[in-house]
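Overview (structure and organization)
Each chain, written out:
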Amino acid sequence: MLFTLDIGNTNIKTALFDGAEMVHYWRLSTTRKYTSDEMGVIITQLFDHEKLDRSLVTGIVMSSVVPTVNFTVEHMCREYFGLDPMAVGPGIKTGIDIKYENPREIGSDRICNAVAAYTLYGGPCVYIDFGTATTFGALDSHGALLGGCICPGIKLTSEALVSGTAKLPHFELVMPEKVIGKTTVANLQSGVINGYVGQVIYLVNEIRREMGCPDAKVIATGGMARLIAQKSGVIDHIDGLLTLKGLRLIYEKNQSKA
């Protein structure tokens, strides 16, 4: 079995795959203070809770946008699984042509999303990852990653708005019934969520226009994907495991190469 880890700024998303089939999926908080043993104990307990045998894991692959956590995770993998994890980065075979001026700049999670989006849904396509930051990527019909854009995630936007003002209260991110709100909370929900929907619609349309592909498929992943998809009307597929599926595909490409 293959154990995959996507280390993000807020959460570490993990999944266990048996071939192409996902056996189980977990989410952990990204805690920079954890030691490798603390992390190992948590993951061991997760496996035990599902009655899964860690000895069945024959490979581990990881992507990360938090470099300070990488050593801890790598050390945990060696101590608790007896395996060195494959890290998505320079030198790894992905099967896609990255058109960045400096391909080393692009985050490993975005590479995983690109591989999964093109392999599973075909091109041309646009992927959107609604995480701490929301990332957009554009892939042409040949699977080349043309580039994309990055903006603050919707949770980060709402938190910044509240923390940067004296009187605005914390509020739940739920879609309001109307744009014109009659309470402060409804005003906040309307402005943040509907404003974000408008941002997504504009960026998707502009990306499609610049690609010359007005019908390019849009695949979304991340915690807020479903909320935005309900109102935007520009998202064709929601795949909450897109990044982890990309990790699996990249691992398989490098195993067959070996």
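Our structure is the block above this text.
These notes cover the structure that comes with them. All values derive from a computational prediction rather than experimental measurement.

Our focus in this paragraph is the packing of aromatic side chains. Taken as a whole and assessed by the stated rule, the structure comprises six aromatic pairs. Between the aromatic rings of Phe-3 and Phe-47, the centroid separation amounts to 5.5 Å while the plane-to-plane angle is 75°, which identifies the pairing as edge-to-face. Placement of the pair is Phe-3 in strand S1 (residues 2-7) and Phe-47 in helix H1 (residues 36-49), with a sequence separation of 44 residues. Classification of Phe-47 as buried rests on a relative accessible area of 0%. Cluster of aromatic residues (ring-pair linked, three or more members): Phe-3, Trp-26, Phe-47 and Phe-81. Stacked on the ring of Phe-17, the Lys or Arg Arg-248 has its end atom at 5.8 Å from the ring centre.

Moving on to the pattern of salt bridges. This model, assessed by the stated rule, comprises seven salt bridges. Between Lys-13 and Asp-6 there is a salt bridge whose closest N-O contact spans 3.3 Å. The class for Asp-6 is buried, based on a relative accessible area of 5%. For the salt bridge of Arg-208 with Asp-236, the shortest nitrogen-to-oxygen distance reads 3.7 Å. Of this pair, Arg-208 sits in helix H5 (residues 184-211) while Asp-236 sits in the loop between helix H6 (225-232) and strand S10 (237-238), placing them 28 residues apart in sequence. The exposure class assigned to Asp-236 is partly exposed, which follows from its relative accessible area of 43%.

A word on the sheet that holds S10. Strand order in the open sheet formed by five strands is S8-S7-S6-S9-S10, with mixed pairing between adjacent strands. The open sheet has two edge strands with one neighbour each: strand S8 (145-152) and S10. Across two bridges, the pairing between strand S9 (residues 217-222) and S10 is parallel. Bridging from a neighbouring strand, Ala-220 pairs with Ile-238 of S10. In the packing of H5 onto the sheet, the strands contacted are strand S6 (125-130), strand S7 (133-139), S8 and S9, and the crossing angle to S7 comes to about 20°.

Taken together, five strands build an open sheet; the order of strands is S3-S2-S1-S4-S5 and the sheet is mixed. Looking at which strands have only one partner, the edges of the open sheet turn out to be strand S3 (21-29) and strand S5 (86-87). Inspection of the sheet shows S1 paired to strand S2 (residues 11-18) by six bridges, in the antiparallel sense. Across the sheet, Leu-5 pairs through a bridge with Thr-14, a residue of S2. Packed onto the sheet, helix H2 (residues 67-81) meets S1 and strand S4 (59-64) and runs at close to 170° relative to S4.

This part takes up helix H4 (residues 154-163). Taken residue by residue, H4 has Ile-154, Ser-158 and Val-162 as its buried positions. Each buried residue of H4 sits inside an arc of 65° when the element is viewed along its axis, so together they form one side.

Taking 1.5 Å as the rise per residue, helix H3 (residues 108-121) with 14 residues should run 20 Å; its terminal C-alpha atoms sit 20 Å apart, in good agreement. Counting buried residues along H3, 10 of its 14 residues qualify, which places the element largely inside the surrounding structure. Every buried residue of H3 is listed here: Ser-108, Asp-109, Arg-110, Ile-111, Cys-112, Asn-113, Ala-114, Val-115, Ala-116 and Ala-117. Residue Gly-122 follows H3 closely and has a positive phi angle near 80°.

About the criteria used
Residues numbered from 1 in each chain as written. Predicted model: local features only at pLDDT ≥ 70, side-chain atom pairs only at ≥ 80, totals over all residues. Heavy atoms only, no water. Phe/Tyr/Trp six-rings, centres within 6.5 Å; stacked < 30°, edge-to-face > 60°. Helix = DSSP H or I, 4+ residues; strand = E, 2+ residues; numbered from the N terminus. Buried < 20%, exposed > 50% of the residue type's maximum accessible area, 1.4 Å probe, protein only. Lys NZ or Arg CZ within 6 Å of the ring centre and 35° of its normal. Salt bridge = Lys/Arg side-chain N within 4 Å of Asp/Glu carboxyl O. Pairing = 2+ DSSP bridges. Contact = heavy atoms within 4.5 Å. Axes fitted to C-alpha atoms, helices over the stretch in contact; angles between N-to-C directions. Arc of directions from axis to C-beta. Expected span 1.5 Å × (residues − 1).

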